[in-house]
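# Architecture at a glance
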Amino acid sequence: MHEINLVAELRNGEMKARSLLNQGKIPAVVYGPELETVPVSLDKVEILRIMNRIAETTSVVISIDGKEYHTFLKGVQRDKVTDSVIHLDFYVPSSGHKMELRIPIRLKGTPIGVEKGGIVDHIINELPVSVLPKDIVEEIIVDVSSFDVGHVLRVGDLEIPEGIKPLLDDEDAIMLIALPRAAKEVEEEEVEEIEEGVEPEVINKGKKEEEEEE
């Protein structure tokens, strides 16, 4: 499993977040069921450098005064105006207790259906699961190269490593190869034409019966 290492400094709870941010630091907390919440600060430049590499499944080892905490990023607070990171939450799980998180689903290959003009509709990009920290994987890879138009990939079709329990129904769709938009529109138009062709007959029939009754 991919691991990121960070060095944090203990921070005084009385120091305001804005002051830390102005000093090039980002306030954060390290917490967990077997740990009292530890307020820390992290180097802003370092955080910005690695933020795009941190997912829910990424192990983040935070060193505080020489002690290491094996954590996972659980919360990111951003400035409403600038969208810059202003606070982070790092969770330290209990070794024998399961966590609930989302594992990215990566589609590998070009489906046959796409070569025929189909469109990939990736409905669920991240799979919510329950898993022990030791069994976490960074992503679930699915080879979709053999998928034709109309093929639906469901949760039950995924090859999920042992120890990981999906929190969705087996029948929930992960992705499908949809009909090309043009073909779909033609199909819908044909259905509309058929429906329009049926409706006048019903109306005419009613009118004819009314005339005969008169």
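Computed from a predicted model, the values in this text were never measured in an experiment.

## Remarks on the sheet that holds strand β2 (residues 25–32)
The six strands are arranged β1-β3-β2-β6-β5-β4 in a closed barrel whose pairing can be described as mixed. Direction aside, neighbouring strands of the sheet carry axes that sit 45° apart on average. The sheet contact formed by strand β1 (residues 3–10) and strand β4 (residues 59–64) spans six bridges and is parallel. Its bridge partner being in β4, Ala8 is matched across the sheet by Ile64.

## Topic: unusual backbone geometry
Phi at Asp65 takes a positive value of approximately 55°, unusual for a residue other than glycine. Structurally, Asp65 can be placed in the loop between β4 and β5 (67–78). Judged by relative accessible area, which is 68%, Asp65 ranks as exposed.

## Things to note about the pairing of β4
Of all six residues that make up β4, five are buried, and the element is covered over most of its length. One ladder, built from five bridges, connects β4 with β5; its direction is antiparallel. Bridge pairing in β5 places Val61 opposite His70. Linking β4 back to β5 in an antiparallel pair, the connection comprises two residues, with Asp65 at a positive phi of about 55°.

## Examining the sheet that holds strand β8 (residues 119–122)
Strands sit in the order β8-β13-β11 across an open sheet of three strands; the sheet is antiparallel. Because the sheet does not close on itself, it has two edges, and the strands there are β8 and β11 (152–154). Neighbouring strand axes in the sheet, compared pairwise and without regard to direction, differ in orientation by 10° on average. Sheet topology places β11 next to strand β13 (residues 173–178); three bridges connect them, and they run antiparallel. Directly across from Leu153, in β13, lies its bridge partner Met175.

## Looking at the confidence of the model for the chain
Confidence along the chain averages 86 in pLDDT terms, with 83% of residues attaining 70 or more. The lowest-confidence element of the chain is helix α4 (residues 181–213), averaging 51 in pLDDT; the highest-confidence one is β11, averaging 97. Counting contacts from residues 200–208, a segment whose pLDDT is below 50, to residues more than four positions away or on other chains yields zero contacts.

## Description of the pattern of salt bridges
Enumeration over the complete set of coordinates arrives at eight salt bridges. Among the salt bridges present, the one from Lys25 reaches Glu9, with a minimum N-O distance of 3.7 Å. Residue Lys25 is found in strand β2, and its partner Glu9 is found in strand β1; the two are separated by 16 residues along the sequence. One salt bridge connects Glu126 with Arg102, and the closest N-O pair in it is separated by 3.8 Å. Of the two residues, Glu126 sits in strand β9 (residues 126–131) while Arg102 sits in strand β7 (residues 99–108), which places them 24 residues apart along the sequence. The class of Glu126 is partly exposed, set by a relative accessible area of 35%.

## Description of the pairing of β2
With six of eight residues buried, β2 lies mostly within the body of the structure. Pairing of β2 with strand β3 (residues 35–43) involves seven bridges; the strand directions are antiparallel. Following the sheet pairing, Gly32 is matched in β3 by Leu35. Here β2 hands over to β3 after two residues, the two strands then running antiparallel side by side.

## Observations regarding the nonpolar core
Ranked by internal contacts, the top residues of the largest apolar core, which has 24 residues, are Leu6, Val30, Leu88 and Phe90. Contributions of two or more residues to this core are made by β1, β2, β3, α2 (44–50), β4, β5 and β6 (85–91). At four residues, β6 tops the list of elements feeding residues into this core. Setting aside residues up to four positions removed in sequence, Leu6 forms contacts with Leu42, Glu46, Ile47, Ile50, Val60, Val61, Ile62, Ser63 and Phe90.

How each quantity is defined
- Residues numbered from 1 in each chain as written.
- Predicted model: local features only at pLDDT ≥ 70, side-chain atom pairs only at ≥ 80, totals over all residues.
- Heavy atoms only, no water.
- Pairing = 2+ DSSP bridges.
- Helix = DSSP H or I, 4+ residues; strand = E, 2+ residues; numbered from the N terminus.
- Axes fitted to C-alpha atoms, helices over the stretch in contact; angles between N-to-C directions.
- Buried < 20%, exposed > 50% of the residue type's maximum accessible area, 1.4 Å probe, protein only.
- pLDDT = per-residue confidence, 0-100.
- Contact = heavy atoms within 4.5 Å.
- Salt bridge = Lys/Arg side-chain N within 4 Å of Asp/Glu carboxyl O.
- Core = buried A, V, L, I, M, F, W, Y, C linked by side-chain atoms within 4.5 Å.

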